Amino acid sequence: MSTRFFVLGSFSVAGCPPFAGLVLDEQVVAVDALQPLCERLGQPLCGSKSVLELLEHWEQNLRALQRAVEVLSLESAHPAATPELSWQPLEALHVHAPVLYPRQVFCAGANYRQHVIELAVAQGHGAHDQTDEDERRALAERIMDARIANGQPYVFTKIPSAITGPYDPIFLPADSQQVDWELELGVVIGKAARHVRRDQALDYVAGYTIVNDLTCRDRVYRPDLQAIGSDWLRSKCPPGFLPSGPFLVPASFVPDPQRLHLTLKLNGQVMQDEGTDDMIFGVARLIEYISHYVQLWPGDLICTGSPRGNGMHYQRFLQPGDVLEGSISGLGTQRNRCLAEEESPGRAR
């Protein structure tokens, strides 16, 4: 029989430390509480306090969770009717990023054809680009066609402290006037990967989530260091600039990551609306490329690039009071309200 759909996440209640939870039908149970059942089934969990612990032994833990969910589904049509387990309604919990503290975060830049063309038209091809709109579009189209034919992915890193929850506020830096959104498919690695072939790359994926790679556009270029180019530290790494979640959806429930649909709304208005089939380099190619140069570990997060419809295209940037809603088919929805940085309580979030 096919495994009943479930997702994983990180949750807390009443200010207590976060715990790894399994979600069925809008009800959450601590994964650690499933250990006795898994042991009775002969498939004990190896590390269950956090989602990262689960990912450290993902293949074993996934089998154990799948078997536990099968048994729970046979025993009852609704998890709340299982008396030996303490289920809590999802709405009563604080939902954190599914992987709270990944070792590494990688971002694929310029990875949607239409997105790159739009950015090039709006932003230009450098700090001192003087070309007009038609010239920028023509050049961007030529560059994209060449990349598709012969190019390689462009990948940079983002610091893990930028991660925030799927419903947490976004604090807009006081010295930036161009904070932009970039809704993306997030890929979570499930086992150590080095020199992975493209045709085997998806075997290394534990699951998928939603991320929003926020960017201060007016901090990207360094006019004092023109030869170096982009400054990703100051433009992409403030606290809260990577809303993630709400859930980690196991890869077994996502047959093809290149057949998903992303939708971002700003105050209810659709701004991004694109399929992952517009990626220049798909998920498997990105894993192949990244693992060729660095070591990937369980829990590592790969942000796969953003489709067209960013604020730079509309010349509309985030302001205090704005609400972002980002959805990906089958993965859920995140919702974040923007606040001015001075509204921050001044403590680590």
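Residues numbered from 1 in each chain as written. Predicted model: local features only at pLDDT ≥ 70, side-chain atom pairs only at ≥ 80, totals over all residues. Heavy atoms only, no water.

**Q** Provide a residue-level description of the overall build of the protein, including the pertinent values.
**A** Secondary structure summary: the protein contains eight helices and 20 strands in total. Seen along its three principal axes, the alpha-carbon backbone of the protein occupies a region of about 70 × 45 × 30 Å. Here the protein holds 349 residues, and the buried ones make up 54% of them. A separation of at least 24 residues holds for 75% of the contacts in the protein among residues at least 6 apart in sequence. A total of about 15400 Å² of accessible surface is found on the protein, and carbon and sulfur atoms cover 50% of it. If you average the places of the 30 positive and of the 42 negative side-chain charges in the protein, the two averages end up 3 Å apart. (Helix = DSSP H or I, 4+ residues; strand = E, 2+ residues; numbered from the N terminus. Buried < 20%, exposed > 50% of the residue type's maximum accessible area, 1.4 Å probe, protein only. Contact = heavy atoms within 4.5 Å. Areas by Shrake-Rupley, 256 points an atom, 1.4 Å probe, with all protein chains shown as cover. Lys, Arg positive; Asp, Glu negative; His and termini not counted. Charge placed at Lys NZ, Arg CZ, Asp CG, Glu CD.)

**Q** Break down the pattern of salt bridges for me, with residues and values.
**A** Counted under the stated rule, the structure contains 21 salt bridges. Two residues, Asp 231 and Arg 234, come together in a salt bridge whose shortest N-O distance is 3.6 Å. With a relative accessible area of 13%, Asp 231 lands in the buried category. Judged by relative accessible area, which is 31%, Arg 234 ranks as partly exposed. A salt bridge links Glu 325 to Arg 335, with the nearest nitrogen and oxygen atoms 3.4 Å apart. Residue Glu 325 is found in strand β19 (residues 323-328), and its partner Arg 335 is found in strand β20 (residues 332-340); the two are separated by ten residues along the sequence. (Salt bridge = Lys/Arg side-chain N within 4 Å of Asp/Glu carboxyl O.)

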